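Architecture and fold: a report
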Amino acid sequence: MQDEHCAHSLGAGLQTIASDGTVLDAWFPELGFGESDARESAASAATREAFTGVDDRRGVRVEQIALSIDPDAPVASTADAYLRLHALSHLLIRPNELNLDGIFGHLPINAWTNAGPMLPADATRLRPLLQRHGIQVQGLDKFPRLTDYVQPAGVRIGDASRVRLGAHLSPGTTVMHEGFVNFNAGTLGASMVEGRISQGVVVGDGSDIGGGASIMGTLSGGGTHRISIGARTLLGANSGIGISLGDDCIVEAGLYLTAGTKVLLVDAAPTAEGSGQSVKAATLSGQDGLLFRRNSLTGAVEAVRRSGHGVVLNDVLHA
């Protein structure tokens, strides 16, 4: 996002409010920056008006909302939080470039139904009415599914329940059924995602997150380090990382590499310690062209300098 836009992020849409006044969510089909975008949103207000009103089935009412926020300031409200998540999923801003301080405190735990959000207590109280109308509770969470709010262009998602609103998915990305992408995380180009991309993690163009692979995020014990993965890098099936990887790297299937993992340098892997030395994996964080593997004879984790592409995606699958 450009600096001159930071104080003028605008959204117009609809918000859902429970009977006790709790704002459950906000949907912003129109996002933009500056006064011209605000005028365009105002022109669509009459269309949005048709979708406002009371839904007695869920015990909610839907109202129009127009909101301007400062993306550099902490989250100020539920609607503010949803506007920031929409900006990420509409690819208006990349992960980690937006202030999300306080977001958990402003997002209520909702009962997410196939008709929209409602209070969990109301879902219990209104259960017979919900059943009569074919409304089912699909989850209890603070974050909704991405596809209930945004359909990213040029992206395939096998299981929508595994991608949260606020995921940043670039065109050409495929998220397979077992893949998971959290909010404020995602891909910067065409990528294959069969594993877990945690909050704050970004994956470079042409990279492959193998089946069952896990990338440690700051919310799952990764400390304050924001992990990134470069271009054309492969995480093998059931592998995991707690350090960043550069371009054209490979992590062997089944190998979990935390920042404190002792790694034996082989073939002059690029550190001041030189070849044959054992270092913490954090020392190699973010470096290009490395193969991480476990020696099948000694059990030692090794880093080997490699050349060429780490992985080449199938153009047909990621067009």
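Relevant structure appears above.
Residues numbered from 1 in each chain as written. Predicted model: local features only at pLDDT ≥ 70, side-chain atom pairs only at ≥ 80, totals over all residues. Heavy atoms only, no water.

**What about the sheet that holds strand 20 (residues 240-241)?**
Two modes of strand pairing occur in sheets, parallel and antiparallel, and in both the strands are linked by backbone hydrogen bonds. How we decide: Note on pairing: DSSP must find at least two bridges between two strands before they are called paired. Segments assigned H or I by DSSP are reported as helices when at least four residues long, segments assigned E as strands when at least two residues long, and all are numbered from the N terminus.
Strand order in this open sheet of 5 strands is 11-14-17-20-22, and the pairing throughout is parallel. Pairing within the sheet leaves two strands with one partner each, and these edge strands are strand 11 (180-181) and strand 22 (256-257). Of the strand pairs in this sheet, strand 11 and strand 14 (residues 196-197) are connected by 2 bridges, and their pairing is parallel. Note on strand 14: the bridge partner recorded for V181 is I197.

**Focus on the sheet that holds strand 25 (residues 290-294)**
The strand order across the open sheet built from 10 strands is 8-10-13-16-19-21-25-26-23-24, with neighbouring strands paired in mixed fashion. Here the strands that pair on one side only, and so sit at the sheet edges, are strand 8 (156-157) and strand 24 (278-280). Alignment of strand 19 (residues 234-235) against strand 21 (residues 250-251), held across 2 bridges, turns out to be parallel. Counted as the bridge partner of L235 is V251 from strand 21.

**Overview of the pairing of strand 23 (residues 262-266)**
With 3 bridges connecting them, strand 23 and strand 24 associate as antiparallel partners. Note that in strand 24 the partner of K262 across the bridge is K280. Taken together, the 4 bridges between strand 23 and strand 26 (residues 301-305) define a ladder with parallel strand orientation. Along strand 26, the bridge assignment pairs V266 with V304.

**Overview of the pattern of salt bridges**
Side-chain pairs of opposite charge can arise where the charged atoms are in close proximity. As a reminder of what qualifies: The term salt bridge refers to a pairing of a side-chain nitrogen on Lys or Arg with a carboxyl oxygen on Asp or Glu at a separation within 4 Å. Throughout, exposure labels follow a simple rule: accessible area from a 1.4 Å probe, protein chains only, divided by the maximum for the residue type, with under 20% read as buried, over 50% as exposed, and the rest as partly exposed.
Within this structure, the stated rule accounts for 10 salt bridges. We note a salt bridge from R58 to D55, for which the minimum N-O separation is 3.0 Å. The exposure class assigned to R58 is buried, which follows from its relative accessible area of 6%.

**Focus on the packing of aromatic side chains**
Test applied: Centres within 6.5 Å make a pair out of two Phe, Tyr or Trp rings, where for Trp the six-membered ring is used; the pair is then stacked when the planes are under 30 degrees apart, edge-to-face when over 60, and tilted otherwise.
Considering all chains together, one arrives at 4 aromatic pairs under this definition. Centroid distance F143 to F183: 4.4 Å. Interplanar angle 20°. Geometry classified as stacked. In this pair, F143 sits in the loop between strand 7 (137-141) and strand 8 while F183 sits in the loop between strand 11 and strand 12 (185-187), placing the two residues 40 residues apart along the sequence. F183 matches F143 in its accessibility class, with the two residues each being buried. Site record: aromatic cluster; members linked through ring pairs are F104, F143 and F183.

Read these as layout, nothing more, since geometry by itself doesn't imply function.
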